[in-house]
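Commentary on secondary and tertiary structure
Letter by letter, the chains look like this.
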Amino acid sequence: MNIYNFFVAHPEPNSDLDVAQAYPELRDWISVRGRLERCGGRAGKVIKFNEKKYSKEIQLGLIDAVELFSARRWDKDDCREILNCDFSAILSKEKLLLTGSVEKITLQQLTESFFELAMISGTQDYAYGYKESHAYGFGYAVGIHMVDEGHPLMWPRRSEAGAWVKLQWAGKTDLFIRDIYPVNLFSTRKISALPPRKRQALECAMGKFGGCETRGKFTVWALDDHELEDVRAELKSVELLASYCS
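Reading the values: rules and limits
- Residues numbered from 1 in each chain as written.
- Predicted model: local features only at pLDDT ≥ 70, side-chain atom pairs only at ≥ 80, totals over all residues.
- Heavy atoms only, no water.
- Patch = residues over 30% accessible without salt bridge, like charges linked within 9 Å, V, L, I, M, F, W, Y side chains within 5 Å.
- Areas by Shrake-Rupley, 256 points an atom, 1.4 Å probe, with all protein chains shown as cover.
- Salt bridge = Lys/Arg side-chain N within 4 Å of Asp/Glu carboxyl O.
- Helix = DSSP H or I, 4+ residues; strand = E, 2+ residues; numbered from the N terminus.
- Buried < 20%, exposed > 50% of the residue type's maximum accessible area, 1.4 Å probe, protein only.
- Polar contact = N/O pair within 3.5 Å; in protein donor to acceptor, adjacent residues only side chain to side chain.
- Contact = heavy atoms within 4.5 Å.
- Pairing = 2+ DSSP bridges.
- Axes fitted to C-alpha atoms, helices over the stretch in contact; angles between N-to-C directions.
- Parallel < 35°, antiparallel > 145°, perpendicular 65-115°, else oblique.
- Left-handed = near helix turned anticlockwise from the far one by under 90°.

**Focus: a nonpolar patch on the surface**
On the surface, a nonpolar cluster with roughly 310 Å² of combined accessible area is contributed by Val147, Leu153 and Met154. With respect to the secondary-structure elements, Met154 resides in the loop between helix 5 (134–142) and helix 6 (160–170). Met154 sits in the exposed class, given a relative accessible area of 59%.

Right, dumping it as structure tokens:
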């Protein structure tokens, strides 16, 4: 299995992020890490990147989400096109997704790169980073269960991928966090919006496990892998984790 690092961020409620204006930041993010070769086309397919054409379509509002992919790792048709790269970056009104092969970038470096995106990071509210197989990790980020060797069709935890999306549709994300990850970022607004009992449980856990630092408006909470289940056990008891709420 191909293992990748993932960084997912969600914007503040009523964010005024202009995807067209933010596009150059994302283009440069890809370009400094590998050749920008492909992009998401208007028909929903991954197509060859053409700077002039793509910029024009974004400015005209013909594309509402930026999807950028570095050069292919394997021959065409040997892998799903969205997964056939070392790096990818996706930005929409609903989320930011940055991915990178563990052979090319660490999770810490990927997290640091988020703060380099000054325009984009300033509009985000809640973020998290994790390491996963490429197919499942990519699908999880966008809220669907993508099958691979480690996560078969009837994998017992397959429902976790879509749980957060359902809360987004229902407008209830201020009542939860998605799960616990090796890297967790909470804005001051995100923490304050949680119900008092849940907020207290989260703040208590942040004091007991891992390490926290303040980066601008964000509290960045890093955890070792062996701590994740202990933290989950505490926060599931107050029904804070969306992935474990029915």
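Picking up after the structure, the text goes on.
**Some points on the side chain of Ser113**
With respect to the element layout, Ser113 can be found in helix 3 (residues 107–116). Take Ser113: its relative accessible area is 0%, and that puts it in the buried class. A distance of 2.6 Å separates a polar side-chain atom of Ser113 from the backbone oxygen of Leu110. Once you skip the residues sitting within four places of it in the chain, Ser113 turns out to touch Trp29, Arg33 and Leu98.

**Points about the pairing of strand 4 (residues 66–70)**
In terms of burial, strand 4 is largely enclosed, as 4 of its 5 residues are buried. Note that strand 2 (residues 36–40) and strand 4 share 3 bridges and pair antiparallel. Its bridge partner lying in strand 4, Leu36 is registered against Ser70. As judged from the 4 bridges shared by strand 4 and strand 5 (residues 87–91), these two strands associate in the antiparallel manner. The partner of Glu67 across the bridge, within strand 5, is Ile90.

**Observations concerning the packing of helix 8 (residues 196–208) against helix 9 (residues 228–236)**
For the pair helix 8 and helix 9, interaxial distance at closest approach is 10 Å and the crossing angle is 160°. Taken as axis vectors, helix 8 and helix 9 run roughly antiparallel relative to one another. Where helix 8 crosses over helix 9, the handedness of that crossing is right-handed. Of the residues in helix 9, those touching helix 8 at Ala201, Leu202, Ala205 and Lys208 are Val231, Glu234 and Leu235.

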